[in-house]
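# Residue-level structure breakdown
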Amino acid sequence: MDIKIHVEEANGNLNTIEAPTDMALSLMEILKASDYPIAATCGGMALCASCHVEVLDNTYAEEPNDAEMDMLDTLPVVSQSSRLACQMPITEEMDGIRIRLMAEATME
Amino acid sequence: MIYTDLCIIGAGPVGLFAVFEAGLLKMRCHVMDVLPQIGGQLSEIYPKKPIYDIPGYPVVLAQELVDNLAKQIAPFNPTFTLGERVEKIERQEDGAFILETNEGTQCHAKAVVIAGGLGCFEPRKPALENLDTYEGKGIDYMVRNPEKYTGKKVVVAGGGDSALDWVIYLAELTEELTLVHRGSSFRGAPDSADKVMKLAEEGKLNLKLNSEVTALNGNGVLKECLITNKEGKIELVASDYFIPLFGLSPKLGPIADWKLNLDRNAITVNVEDYATNVEGVYAIGDINQYPGKLKLILSGFHEAALMAQSAYRVVNGGKKASLKYTTVNGIQSF
Ligand SMILES: Cc1cc2nc3c(=O)[nH]c(=O)nc-3n(C[C@H](O)[C@H](O)[C@H](O)COP(=O)(O)OP(=O)(O)OC[C@H]3O[C@@H](n4cnc5c(N)ncnc54)[C@H](O)[C@@H]3O)c2cc1C
Ligand code: FES
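Residues numbered from 1 in each chain as written. Chains lettered and ligands numbered in written order. Predicted model: local features only at pLDDT ≥ 70, side-chain atom pairs only at ≥ 80, totals over all residues. Heavy atoms only, no water.

## Concerning the overall build of chain B
Helices and strands together make up the secondary structure of chain B, namely eight helices and 21 strands. With the C-alpha coordinates of chain B rotated into their principal frame, the extents come out at 70 × 45 × 35 Å. Within chain B, residue pairs in contact and separated by at least 24 positions form 58% of the contacts whose partners lie at least 6 positions apart. As displayed, chain B has an accessible area near 15,900 Å², and 50% of this comes from carbon and sulfur atoms. Placing the 34 positive and 41 negative side-chain charges of chain B at their respective mean positions leaves the two points 3 Å apart. (Helix = DSSP H or I, 4+ residues; strand = E, 2+ residues; numbered from the N terminus. Contact = heavy atoms within 4.5 Å. Areas by Shrake-Rupley, 256 points an atom, 1.4 Å probe, with all protein chains shown as cover. Lys, Arg positive; Asp, Glu negative; His and termini not counted. Charge placed at Lys NZ, Arg CZ, Asp CG, Glu CD.)

In structure tokens form, the structure reads like this:
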């Protein structure tokens, strides 16, 4: 199925994108494919943090994995809702999720 | 002033291999990088990861590839300026270039090769209000010269490997050392984490877990760091130096100001020789952009070979290089 993802950019712009759940994509890959300016330098290995997002609703309950926690731990600015988009597989449970792109992860 | 044929900006795999291709054509190279070590993304982001798509290597660790590239180019005696950022490129009347770094180092080159990857590796900075007031006046984002902290009061922030490694090193030198970490434990290298815990037990380190530096005080120079823990308890710690170590991430940086044609943070080039819109300036590797571009090490190596043929003409007053197999003559070093 296709799910909806609400994306808030660092400048406040809000948009909704659709993503298929059956293509084994991560949130990072969907954001890149939708032309959001995230760098995602390491291509999804939880090594660069340039896909840092915040999850803005509290219904999404997947826990970060170890590699993701390690990486988040090294960043200067994180919050309780910080996640690495590359470590978030697109699933049905994610439908309707709201995320915010962190300014420091973008290429500008 | 350093005099050379080609000045290569960026010591990533592509910049390094460019030294080889230039060397085969008897051009001398000087390589500059803002990082204190060579290797670009490979040494900075993924030194221990295996790479599988380098021809002839079924698998090679990123750092191993960098070490081998260093060996491969050694016969050509390249010179290096590391730990400095190239800020300016100025074209001279005779067509040559003078490059200048943030530390004032100058390089005179007949042609310039930008192998800047995703840009300059810059430190990730904490969100503190008057951070820039104290940059260079108590705040350091990298430890370049550890001796300068001898007998000083130092606060380090961060929970990654480099924060731990430096704390272990600095504990021998400083008068007072504090490590501030947002988490309640250290993830990653367990060895270093054990050592840090031991330093804290022995009283050689002031360890502040579940805490963050939330403000900086001083007058002209840094005097103290305000440390807040998760419960909201605030503590003032006298500090000659504050060293936030939150890793590095690439930013395009000064390249944006060099009057080169850019497309989405990359330099557009001519695919015949990877020349930019400025004559005598080439761009190879991840930093360039052309139809069909793949940001792979492989592509950068190929680009380096074509660039060198073209740069030869610039360096040698229009003379064309002739292509020789290395199997015929080997490597004629200089
Ligand atoms: C986790 C990860 C895995 C990867 N896996 C592979 C793989 O399996 N195969 C593959 O082919 N590729 C892989 N890549 C991509 C590969 O690393 C890049 O294509 C490669 O590093 C590009 O090399 P480069 O020399 O062009 O640039 P970089 O390696 O980015 O080096 C550029 C250097 O230029 C310096 N610089 C930039 N501007 C300035 C300035 N103004 N002054 C001074 N210095 C400057 C930077 O500090 C940097 O050190 C991977 C990348 C990552 C992050
Ligand atoms: S893409 Fe590098 S950490 Fe997600």
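## Notes on the packing of helix α1 (residues 13–24) of chain B against helix α3 (residues 62–73) of chain B
Residues and elements named next belong to chain B. Here α1 crosses α3 at 20 degrees, and the two axes come no closer than 9 Å. The orientation of α1 with respect to α3, classified from their angle, is roughly parallel. Of the two elements, α1 crosses α3, and the hand of that crossing is left-handed. Contacts from Pro13, Leu16, Phe17, Val19 and Phe20 of α1 reach α3 at Val66, Leu69, Gln72 and Ile73. Partitioning the contact of α1 with α3 into residue classes produces eight nonpolar, one polar and no charged. (Axes fitted to C-alpha atoms, helices over the stretch in contact; angles between N-to-C directions. Parallel < 35°, antiparallel > 145°, perpendicular 65-115°, else oblique. Left-handed = near helix turned anticlockwise from the far one by under 90°. Nonpolar A, V, L, I, M, F, W, Y, C, P; charged D, E, K, R; others polar.)

## Some words on the interface of chain A and chain B
Every contact between the two is made by 21 residues of chain A and, on the other side, 23 residues of chain B. Of the roughly 1,700 Å² buried between chain A and chain B, counting both surfaces, carbon and sulfur atoms make up 52%. If you sort the residues of chain A by the area they bury against chain B, Thr41, Asp73 and Pro76 of chain A come out on top, with a joint share of 35%. Counting across the interface, chain A meets chain B through three salt bridges. Across the salt bridge formed by Asp35 of chain A and Arg264 of chain B, the nearest N and O atoms sit 3.5 Å from each other. Between chain A and chain B we count eight residue pairs in polar contact (both at pLDDT 80 or more) in total. Residue composition of the side of chain A that touches chain B, by class: 12 nonpolar, three polar and six charged. (Buried area = accessible area lost by both parts, 1.4 Å probe. Salt bridge = Lys/Arg side-chain N within 4 Å of Asp/Glu carboxyl O. Polar contact = N/O pair within 3.5 Å; in protein donor to acceptor, adjacent residues only side chain to side chain.)

## Digging into the site of ligand 1
Around ligand 1 lies a shell of 36 residues, among which Asp33, Gln41, Tyr46, Asp53 and Asp286 of chain B are the nearest. Neighbouring residues of ligand 1 are not confined to a single chain but are spread across chains A and B. Taking Val14 of chain B, its main chain carries an N or O atom lying 3.0 Å from an oxygen atom of ligand 1. Contact between ligand 1 and Phe121 of chain B: an oxygen atom at 3.4 Å from a main-chain N or O atom of the residue. For ligand 1, whose free accessible area comes to 1,000 Å², the fraction covered by protein is 94%. Considering only residue class, the shell around ligand 1 consists of 20 nonpolar, 10 polar and six charged. (Near = heavy atom within 4 Å.)

## Here's the deal with the sheet that holds strand β18 (residues 262–263) of chain B
Ordered in space as β18-β19-β21 (chain B), the three strands form an open sheet in which the pairing is mixed. Because the sheet does not close on itself, it has two edges, and the strands there are β18 and β21 (288–289) of chain B. (Pairing = 2+ DSSP bridges.)

## Considerations on the state of the cysteines
Tallied over the entire structure, the rule returns zero disulfides over all chains. In this structure Cys107 of chain B is a free cysteine whose sulfur lies 3.7 Å from that of Cys7 of chain B, the closest cysteine sulfur available. (Disulfide = S-S within 2.5 Å.)

## Considerations on the packing of aromatic side chains
Residues and elements named next belong to chain B. Scanning all chains against the criterion turns up six aromatic pairs over all chains. A ring pair is formed by Tyr274 and Tyr290, whose centres lie 5.4 Å apart and whose planes are at 50 degrees; its orientation type is tilted. Here Tyr274, found in the loop between β19 (266–268) and β20 (281–283), pairs with Tyr290, found in the loop between β21 and α7 (297–315); they are 16 residues apart in sequence, far enough to count as distant. (Phe/Tyr/Trp six-rings, centres within 6.5 Å; stacked < 30°, edge-to-face > 60°.)

## Remarks on the nonpolar core
One finds Leu6, Met27, Ile51, Leu99, Ile114, Ile284 and Met307 of chain B to be the most contacted residues of the largest nonpolar core, which totals 68 residues. Excluding anything up to four places from it in sequence, Met27 of chain B contacts Asp5, Leu6, Ala22, Ala308, Ala311, Tyr312, Val315 and Phe334 of chain B. By size, the runner-up hydrophobic cluster in this structure holds 30 residues, among which are Met28, Ile30, Ile90 and Ile97 of chain A. (Core = buried A, V, L, I, M, F, W, Y, C linked by side-chain atoms within 4.5 Å. Buried < 20%, exposed > 50% of the residue type's maximum accessible area, 1.4 Å probe, protein only.)

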